[in-house]
Amino acid sequence: AAASGDGLALACSGDRAATRGLALRSARRRDVVTEYDGDLTTLDIDHLGRPMSASQIEAWPACPHAYFVRHLLDVRPLDDPTDEVALSPIERGNVVHETLDRFHQLVVRAELPQPGADGWGAEHVAALEQIFDAVADEFERSGRTGRAAHWFLDRRSVRADLLNWFVRDGLTAAERGAHIVHSELRFGWDEPVTLPLPDGRALAVAGFVDRIDERTNGDLIVMDHKSGRATNYANIDAADPTEGRTRFQLPIYAAAALAQRGETPGSTGVDVLAEYDFFGPGRYARHGYTFDQDVWRHVTDDLGAVVAGIESGLYPAVTDPPKYQHIVDCHYCQPDGLGVDERYAEWVRKRHDPRLSNWFPLDDEEPDS
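Because the structure is predicted, anything quoted here is derived from the model rather than measured. (Residues numbered from 1 in each chain as written. Predicted model: local features only at pLDDT ≥ 70, side-chain atom pairs only at ≥ 80, totals over all residues. Heavy atoms only, no water.)

Draft legend 1. Expanded view of the environment of Ala-238. Secondary-structure assignment places Ala-238 in the loop between strand 5 (220–226) and helix 8 (249–259). C-alpha separation for the pair Ala-238 and Leu-171, spaced 67 residues apart in sequence, amounts to 24 Å. Those residues in contact with Ala-238 that lie beyond four places of it in its chain are Tyr-289 and Val-295. (Helix = DSSP H or I, 4+ residues; strand = E, 2+ residues; numbered from the N terminus. Contact = heavy atoms within 4.5 Å.)

Draft legend 2. Structural view of the pattern of salt bridges. Under the definition given, this model contains 29 salt bridges. Between Arg-76 and Asp-74 there is a salt bridge, with the nearest N and O atoms lying 3.5 Å from each other. Each member of the pair, Arg-76 as well as Asp-74, carries the same accessibility label: exposed. Two residues, Arg-297 and Asp-294, come together in a salt bridge whose shortest N-O distance is 2.2 Å. Of the two residues, Arg-297 and Asp-294 both sit in helix 9 (residues 293–311), three residues apart, roughly one turn of that helix. Of the residues examined, Arg-297 reaches a relative accessible area of 47% and is grouped as partly exposed. One salt-bridge network, in which partners are shared between bridges, spans Asp-169, Arg-176, Arg-211, Asp-213, Glu-275, Asp-277 and Arg-286. (Salt bridge = Lys/Arg side-chain N within 4 Å of Asp/Glu carboxyl O. Buried < 20%, exposed > 50% of the residue type's maximum accessible area, 1.4 Å probe, protein only.)

Draft legend 3. Looking closely at the packing of aromatic side chains. If you walk through the whole model with that rule in mind, you get 16 aromatic pairs. With a centroid separation of 6.2 Å and 80 degrees between ring planes, the pair formed by Phe-187 and Tyr-253 is classed as edge-to-face. Placement of the pair is Phe-187 in strand 1 (residues 178–187) and Tyr-253 in helix 8, with a sequence separation of 66 residues. Each member of the pair, Phe-187 as well as Tyr-253, carries the same accessibility label: buried. Aromatic side chains Tyr-233 and Phe-278 sit 5.5 Å apart centroid to centroid with 55 degrees between the ring planes, which places their arrangement in the tilted category. You can see Tyr-233 sitting in the loop between strand 5 and helix 8 and its partner Phe-278 sitting in strand 6 (residues 272–278), a full 45 residues away along the chain. Assigned by exposure class, Tyr-233 and Phe-278 land together as buried. Lying over the aromatic face of Tyr-284, Arg-168 brings its terminal NZ or CZ to 5.5 Å of the ring centre. (Phe/Tyr/Trp six-rings, centres within 6.5 Å; stacked < 30°, edge-to-face > 60°. Lys NZ or Arg CZ within 6 Å of the ring centre and 35° of its normal.)

Draft legend 4. Region of interest: the state of the cysteines. Applying the stated criterion to the full structure yields zero disulfides. There is no disulfide at Cys-330, and the cysteine sulfur nearest it, in Cys-333, is 3.6 Å away. Taking the relative accessible area as the measure of exposure, Cys-330 reaches 19% and is therefore buried. Just so you know, Cys-333 is unpaired, no disulfide at all, and the nearest cysteine sulfur is the one on Cys-63, 3.5 Å from it. Of the residues examined, Cys-333 reaches a relative accessible area of 6% and is grouped as buried. (Disulfide = S-S within 2.5 Å.)

Draft legend 5. Highlighting helix 3 (residues 54–62). Within helix 3, seven of the nine residues are buried, which leaves the element mostly enclosed by the surrounding structure. Along helix 3, the positions that sit buried rather than exposed are Ala-54, Gln-56, Ile-57, Glu-58, Ala-59, Trp-60 and Pro-61.

Draft legend 6. Region of interest: unusual backbone geometry. Even without being a glycine, Glu-184 presents a positive backbone phi close to 50 degrees. When you line up the elements, Glu-184 lands in strand 1. Backbone geometry places Glu-243, a non-glycine residue, at a positive phi of 45 degrees. With respect to the secondary-structure elements, Glu-243 resides in the loop between strand 5 and helix 8.

Draft legend 7. Focus on the sheet that holds strand 1. An order of 1-4-5-6-7 is seen for the five strands of this open sheet, with the pairing classed as mixed. Taken across any chain shown, the strands that pair with only one partner, and hence form the sheet edges, are strand 1 and strand 7 (285–291). Strand-to-strand twist in this sheet, taken as the mean axis angle between neighbours without regard to direction, amounts to 25 degrees. Two elements, strand 1 and strand 4 (residues 207–215), share eight bridges in a ladder whose sense is antiparallel. By the bridge assignment for strand 4, Leu-185 is matched with Val-209. (Pairing = 2+ DSSP bridges. Axes fitted to C-alpha atoms, helices over the stretch in contact; angles between N-to-C directions.)

Draft legend 8. Quick look at the packing of helix 3 against helix 9. One way to put it is that helix 3 packs onto helix 9 with a least axis distance of 10 Å and a crossing angle of 70 degrees. Overall, the two elements helix 3 and helix 9 adopt an arrangement that is roughly perpendicular. Touching Ile-57, Trp-60 and Pro-61 of helix 3 are Leu-303, Val-306, Gly-309 and Ile-310, all from helix 9. Partitioning the contact of helix 3 with helix 9 into residue classes produces six nonpolar, one polar and no charged. (Parallel < 35°, antiparallel > 145°, perpendicular 65-115°, else oblique. Nonpolar A, V, L, I, M, F, W, Y, C, P; charged D, E, K, R; others polar.)

Draft legend 9. Quick peek at the nonpolar core. If you look at the biggest cluster of nonpolar residues, it comprises 63 residues, and the most contacted ones within it are Ile-57, Ile-252 and Phe-291. Per-element tally for this core: the top contributor is helix 8, with eight residues. Once residues within four sequence positions are removed from consideration, Phe-291 is found in contact with Leu-250, Pro-251, Ala-254, Asp-271, Val-272, Ala-274, Trp-296 and Val-299. Membership of the second largest hydrophobic core comes to 23 residues, among which are Phe-103, Trp-120, Val-135 and Val-158. (Core = buried A, V, L, I, M, F, W, Y, C linked by side-chain atoms within 4.5 Å.)

Laid out in structure tokens, this is it:
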């Protein structure tokens, strides 16, 4: 086989395209990351020149190849709403976020009262339903809700999710003695918000905080609304605040909330409770933790590890073993939507590259190739 390969290389020696094609094929069969499958270590890339979002930071540990294509090449999957038969999970979340933001803005501007001792009242429920109807109509007119028959049921389902959450949220706010001070807070573009890194640098971050509440004692509560599965976030706590260096929304949003007070991460002036806040019958839950000095130190170390990975210049495609999928998890690893068999076989080899061991250590048992 080697002799035939040498012969083929010799036969193609005068054809530049064929020679490079053979080099690509050979490189992708090696057990290290190469220039043909994610090694950009020879290039000087300014990763931290602009503020980073939580989703951007989380993208690299999930799949460095997807990070490279999305955030360095700025290539995004095509989204055609006409392909959706029913309301997509993304649009479902968008309907919820838009409805709650409009409602919360009324409360922040004192056009509606804050939750009382018994939570949200009839006035609040009426306002929420009116806002939801307006948002739902807007999404329907824009063609983002799927087929009419499915939307008829999905619309009722989203409304029920909101009202189910609404009752519990009002009671929780009353128990905590909290009132809403910000909704969809924009941060990091006009005034810098930063998180410290272990090497003494500071990482500039930007984004939007879904909601910030303030307790009567001045402490803060940060919420990130989620319409997905609460079980996917159930393991996050103060002992592992980034869930194995994979989730950075809560620390970033906590830093943004502190910045509104002139405080910085790790300061002792204000306590911050940060939570993922979930919707839906049977799914209502809050998962989060309170930030203290130990939590911030943990976050700093985890963030430093991910930034080091981003700056390493290594962007292999990290995929799970092939399996049946109702939806495509990563459009960058399978842009044709036909599976990841070939890409996974490459990853089984590339994961042996010792340069990746700090972020993608080998399992005790080798995966099947």
